[in-house]
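# Observations on the model geometry
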Amino acid sequence: MNINPFHPDFEKPATTDGLFSRDELRLANRNSGILLETLNLDITPTGAHYLLNHFDVPVIADDDHQLTLNGAFDAPLTLSMDDIRAMPQVTEAVTLECAGNGREGVSPRSHLMPWMYEAVGTSEWIGTPLAPLLERAKPHDNVQDYVFHGADFGFDKGHPHNFARSLTPQDIAELDVMLVWGMNGQPLLPQHGAPLRIIVPGWYGMASVKWLTGIEALTTRFDGYQQAHGYHYRTVADEPGVPITRILVKSLIRPPGVPDWVSRKRWVEAGKITLEGRAWSGGGVPIAKVEVLADSQWQEAELTGAPGRYAWTGWRFDWQAKPGDHVLKCRATDAEGNTQPMESAFDVAGFGNNSVHSIDVHVDDPAV
Ligand SMILES: Nc1nc2c(c(=O)[nH]1)N[C@H]1C(S)=C(S)[C@@H](COP(=O)(O)O)O[C@H]1N2
Ligand SMILES: [Mo]
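Residues numbered from 1 in each chain as written. Chains lettered and ligands numbered in written order. Predicted model: local features only at pLDDT ≥ 70, side-chain atom pairs only at ≥ 80, totals over all residues. Heavy atoms only, no water.

### Observations regarding the packing of aromatic side chains
Geometry of an aromatic ring pair is reported as the spacing of the ring centres plus the angle between the planes. To be explicit about the condition: Within 6.5 Å between ring centres, the rings of Phe, Tyr and Trp (the latter by its six-membered ring) count as paired, and their orientation is classed by plane angle as stacked under 30 degrees, edge-to-face over 60, tilted in between. Each helix corresponds to a stretch of at least 4 residues labelled H or I by DSSP, and each strand to a stretch of at least 2 residues labelled E; elements are numbered beginning at the N terminus. Buried means the residue's accessible area, taken with a 1.4 Å probe over protein chains only, is under 20% of the maximum for its type, while exposed means over 50%, and partly exposed covers the values in between. As a reminder, the over-ring test applies to NZ of lysine and CZ of arginine, requiring each to be within 6 Å of the ring centre and within 35 degrees of the ring normal.
On inspection of all chains with the given rule, the structure shows 4 aromatic pairs. Ring centres of Tyr50 and Trp115 lie 6.0 Å apart, and the angle between their planes is 85°; on these two criteria the pair is classed as edge-to-face. Of this pair, Tyr50 sits in the loop between α1 (22-30) and β1 (66-71) while Trp115 sits in the loop between β3 (90-97) and β4 (120-129), and the two are 65 residues apart along the sequence. According to the relative accessible area criterion, Tyr50 is buried, its value standing at 6%. Owing to a relative accessible area of 3%, Trp115 belongs among the buried residues under this scheme. For Arg331, the ring lying beneath its charged end belongs to Trp298, and the centroid distance is 3.9 Å.

The structure is reproduced here in structure tokens:
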């Protein structure tokens, strides 16, 4: 059998039963990833931004929607969308990444959304800073957690719940959390949280609650499913684990050349090729360096700049492509000295896999 997908005798490899389960395939069809070919852009086209929706997407009319601030506040509030849009408006380019991005590269993989590299994107989020709104509702001094309630409801491991996540007063003080109603100059789309969500810049995506209906101030720690059980790093299933917060340093290559439909292996012509891609880290920490592995050598790429403090940076690298089969890799280092590992530490749910991105490239020899 010919294993070169560009050879006319190439046959598709036989599939192995159970390689991906039907459950995983269903999830993959609901939760689309970014198109890697858009990695030459600072801002991901809205329709190409990745999606991660646990339950069904609630379809909420803007006119009817209200946001309630209740619990341990002296001045609880209920606001309409018009009230919210009348608040000071800011636009911020923020890179969102799902904590499960890269899960497919973890072995044994867990039975969840089978992300490879695509659960990332950057949008210009339109909204208002959250902290002044919380102050307006006059939180009690002993508040321990602010809970962000989503309208979506469903089951996870037998636990019925609305999707909800919390942030502590200290998190609110340290993070530039936004209350968001727009994305790339348009109202939010239903699948991205319309009419209202939060964006927590620098943290993995689970913190950025969509379809926001309420903010509840608690004088205890929030013990909701997605906070207390979900989204923890664990090396064995039954340990308490470590809560997932900041995005880990990562980079991707925009696939060069043209693809084989099924294998996604790339075909390029020999000669100078400008490789490009994006790199990002969490917590507003900038990228210090991106290196590319080509022809068995790590070489530094040129950084082309970021569209915002919480957004990814572009990079480019000129490669002299010689005929043959190549594996290209890229790895980023952030300004705190964190570098992507060749292989991430094992996590039972495949969270936080920031191992280097590899692409198989076949370089054609024009002389043959
Ligand atoms: N209400 C609600 N908010 C949610 C989710 C959800 O399922 N329900 N998914 C979270 C996760 S895990 C991620 S990665 C981001 C994805 O945001 P996006 O679909 O707009 O890219 O939304 C977060 N907010
Ligand atoms: Mo996620």
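### Quick notes on the site of ligand 1
Rules: Whether a residue is near a molecule or strand depends on its heavy atoms: it is near if one of them lies within 4 Å of it. Think of a polar contact as two N or O atoms within 3.5 Å of one another; within protein, one of them needs to be a possible hydrogen donor and the other a possible acceptor, and neighboring residues in sequence only count if both atoms come from side chains. In the cavity and pocket records, a cavity denotes points on a 1 Å grid over the protein atoms alone where a 1.4 Å probe fits but cannot get out, a pocket denotes an open set with protein on both sides within 12 Å along at least 5 of 7 lines, and lining residues are residues with an atom within 4 Å of a point. Assignment of a molecule to a cavity or pocket requires that more than half of its atoms lie within 2 Å of the corresponding grid points.
Taken together, 19 residues lie around ligand 1, and Tyr50, His54, Asp152, His192 and Lys210 are the ones closest in. At 2.8 Å, a backbone N or O of Tyr50 approaches an oxygen atom of ligand 1. Between ligand 1 and the protein, one listed contact pairs an oxygen atom with a side-chain N or O atom of His54 at 2.7 Å. At a threshold of 2 Å from the grid points, most atoms of ligand 1 map onto the largest cavity.

### A word on the pattern of salt bridges
Stated precisely, the cut-off is as follows: Between Lys or Arg on one side and Asp or Glu on the other, a salt bridge is scored when a side-chain nitrogen of the former is within 4 Å of a carboxyl oxygen of the latter.
Counting across every chain of the model gives 15 salt bridges. Where Asp295 meets Lys322, a salt bridge forms, and the shortest distance between an N and an O atom there is 3.9 Å. Of this pair, Asp295 sits in the loop between β17 (287-294) and β18 (297-300) while Lys322 sits in the loop between β20 (313-321) and β21 (324-334); the two residues are 27 residues apart in sequence, bridging distant segments of the chain. Take Asp295: its relative accessible area is 34%, and that puts it in the partly exposed class. The partly exposed category is assigned to Lys322, whose relative accessible area is 48%.

### A closer look at the layout of surface pockets
Here is the rule: Grid points are joined across faces, edges and corners, and a volume is the space filled by probe spheres set on the points.
Volume-wise, the largest pocket comes out at about 1,300 Å³. Met116, Glu118, Val262, Ser263 and Arg264 are the residues nearest the centre of the largest pocket, which is lined by 31 residues in total. Elements represented by at least two residues in the lining of the largest pocket include exactly α1 and β22 (357-364). Ranked by residues supplied to the lining of the largest pocket, first place goes to β22 with 4 residues.

### Observations regarding the sheet that holds β21
Quick note on the threshold: Strand pairing is assigned whenever DSSP detects at least two bridges linking the two strands.
Strand order in the open sheet made by the 6 strands is β14-β15-β22-β21-β17-β18, with mixed pairing throughout. Every interior strand has two partners, whereas the edge strands, β14 (258-259) and β18, have only one. Here β21 runs beside β22; their pairing, made up of 7 bridges, is antiparallel. Bridging from a neighbouring strand, Lys329 pairs with Ser358 of β22.

### Some points on the environment of Gly224
By secondary structure assignment, the location of Gly224 is in the loop between β10 (212-218) and α5 (225-229). As a C-alpha pair, Gly224 and Leu188 span 36 residues in sequence and 26 Å in three-dimensional space.

### Some words on the domain arrangement of the protein
What counts, and what does not: Start and end positions for the domains come from either an automated domain assignment or a database one. When checking whether two residues touch, look at their non-hydrogen atoms; a contact exists if any pair is within 4.5 Å. Two parts placed together each lose some accessible area; with a 1.4 Å probe, that loss summed over both constitutes the buried area.
According to the domain assignment, the protein consists of domain 1 (22-243) and domain 2 (250-364). Look at where the C-alpha atoms of domain 1 and domain 2 centre, and you get two points 27 Å apart. Every contact between the two is made by 40 residues of domain 1 and, on the other side, 29 residues of domain 2. When the two sides are added together, the surface that domain 1 and domain 2 hide from each other amounts to roughly 2,900 Å², 57% of it contributed by carbon and sulfur. The largest contributions to the domain 1 side of the interface with domain 2 come from Leu39, Asp42 and Tyr117, which together make up 20% of the buried area. We note a salt bridge from Arg309 to Asp176, for which the minimum N-O separation is 3.6 Å. Here domain 1 is connected to domain 2 by 18 residue pairs in polar contact (both at pLDDT 80 or more).

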